[in-house]
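As a plain string of letters, each chain reads:
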Amino acid sequence: MSAASPDPLPLADKLSRLLYTPVVSDVLDSFGLMHQALRPFVRPLDETLVLFGPVRTGKYERATMPSPEYNPYELEMDLIDSLRPGEVVVLACGGPTEVIAPWGELLSTAARARQAAGCVTDGLVRDVGRIRTMQFPVFHGGIGPLDTKNRAGMVEKDTTVTVAGVSVSPGDWILGDVDGVVVIPADRSEHVFRAALEKIAAEDTTRAELEAGHSLRAVFARHGVL
């Protein structure tokens, strides 16, 4: 389960069917990792989709006096063209923002063609109708029609960035669903995933006993899950 796995796609496909953000957040808390959930303004374009995979990062900044020859898409294209199957694009824009809009339909198309798992950004996204039709998982910090040209550009790629209050490094894992987005540090990922699967099993047992009419206090005393 390490970030160095040469092919994360089968692992991500299996775990994405089992994991959900509240249980992973609880496990991260139990490991003392209390600040791994992105701020709640970051939401999915499609609440039915789950996003999960190892991270690739990009950092955006506002453009200042752009010259005519400046190409704001240079690093952006390098990042998208180098994506590997199962990877998640994570774009830091200092959000919430009303100006920086790094993601749209064409980047979604290119990323999906490379079998990327999706995109998370605290910036804006556009072309949302077309992205929803594609069913490509995108988590965003807002929706707007702006282009980044003459407004912002990617200034770093594959570096540690801060997205919606959380530090994210290349190779970390990220999970997004209807409840939000959590970041799992690469060096703790195996332990987190194992503990999360154990907690899910305990929650399933707890749920079954509650459905059978057992008292909440008694079930909590037996399993310690709430």
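These numbers come from a predicted model, not from an experiment.

Q: In this structure, what is going on with the pairing of strand E9 (residues 173-177)? I would like to understand it.
A: Regular strands have side chains that alternate between both faces of the sheet. In terms of burial, E9 is largely enclosed, as five of its five residues are buried. Direction of pairing for strand E2 (residues 51-62) relative to E9: antiparallel, over a ladder of four bridges. Looking at the pairing, Phe 52 lines up with Leu 175 of E9. Here E9 runs beside strand E10 (residues 180-184); their pairing, made up of five bridges, is antiparallel. Among the inter-strand pairings, Gly 176 is bridged to a residue of E10, identified as Val 181. Hairpin connection from E9 to E10: two residues lie between these consecutive antiparallel strands.

Q: Would you take a moment to explain the packing of aromatic side chains for this structure?
A: Each aromatic ring pair is described using two quantities: the centre-to-centre distance and the angle formed by the ring planes. Scanning the model with the defined rule gives three aromatic pairs in all. Geometrically, the ring pair formed by Phe 52 and Phe 193 is edge-to-face, given 5.6 Å between the ring centres and 70° between the ring planes. With Phe 52 in strand E2 and Phe 193 in helix H6 (residues 189-211), the pair connects residues that are 141 residues apart, well separated along the chain. The same class applies to Phe 52 as to Phe 193, namely buried. Cluster of aromatic residues (ring-pair linked, three or more members): Phe 52, Trp 173 and Phe 193.

Q: Would you mind going over the pattern of salt bridges with me for this structure?
A: If charged atoms from side chains of opposite charge come close, those side chains can pair. Within the structure shown, the criterion is met by nine salt bridges. Residues Glu 61 and Lys 59 are paired through a salt bridge, measuring 3.8 Å at the closest nitrogen-oxygen approach. Judged by relative accessible area, which is 39%, Glu 61 ranks as partly exposed. With a relative accessible area of 27%, Lys 59 lands in the partly exposed category. Across the pair Glu 87 and Arg 84 runs a salt bridge, and its minimum N-O distance is 2.7 Å. With relative accessibility at 5%, the residue Glu 87 sits in the buried group. Relative accessible area serves as the criterion here: at 52%, Arg 84 is assigned to the exposed category. Residues joined by salt bridges that share partners form a network here, namely Arg 56, Arg 84, Glu 87, Lys 157 and Asp 158.

Q: What is the right way to look at the packing of H6 against helix H7 (residues 216-223) in this model?
A: For any two helices packed against each other, the geometry comes down to the angle between their axes and how far apart the axes lie. Where H6 meets H7, the closest approach of the two axes is 10 Å, and the angle between their N-to-C directions is 155°. Classified by the angle their axes make, H6 and H7 are roughly antiparallel. Note on packing geometry: the crossing formed by H6 with H7 is right-handed. On the side of H6, the interface is formed by Thr 205, Thr 206, Glu 209 and Leu 210, while H7 contributes Leu 216, Val 219, Arg 222 and His 223.

Procedures and definitions
- Throughout this document, residue positions are counted from 1 along each chain, in the order its sequence is written.
- Only residues with pLDDT of 70 or above have their local features reported here, since the model is predicted, and side-chain atom pairs are shown and tallied only from 80 upward, although totals for entire chains, interfaces and linings are computed over all residues.
- To obtain the side-chain values, all non-hydrogen atoms of the structure were included, while hydrogens and water were left out.
- Throughout, exposure labels follow a simple rule: accessible area from a 1.4 Å probe, protein chains only, divided by the maximum for the residue type, with under 20% read as buried, over 50% as exposed, and the rest as partly exposed.
- Think of it this way: any DSSP run of H or I at least four residues long counts as a helix, any run of E at least two long counts as a strand, and we number them from the N terminus.
- A strand pair is defined by DSSP finding two or more bridges across the two strands.
- Here a Phe, Tyr or Trp ring, Trp counted by its six-membered ring, pairs with any other such ring whose centre lies within 6.5 Å, and the pair is stacked when the planes are under 30 degrees apart, edge-to-face when over 60, and tilted otherwise.
- The term salt bridge refers to a pairing of a side-chain nitrogen on Lys or Arg with a carboxyl oxygen on Asp or Glu at a separation within 4 Å.
- A fitted line through C-alpha atoms represents every axis, and for helices the fit uses only the stretch in contact; the resulting angles, taken between N-to-C directions, go from 0 to 180 degrees.
- Oblique is the label for any angle not under 35 degrees, not over 145, and not in the 65 to 115 range, which are roughly parallel, roughly antiparallel and roughly perpendicular in turn.
- Helix crossings are classified by the rotation of the near helix relative to the far one: an anticlockwise turn of less than a right angle makes the crossing left-handed, while a clockwise turn makes it right-handed.
- By definition, residues are in contact when any of their heavy atoms lie within 4.5 Å.

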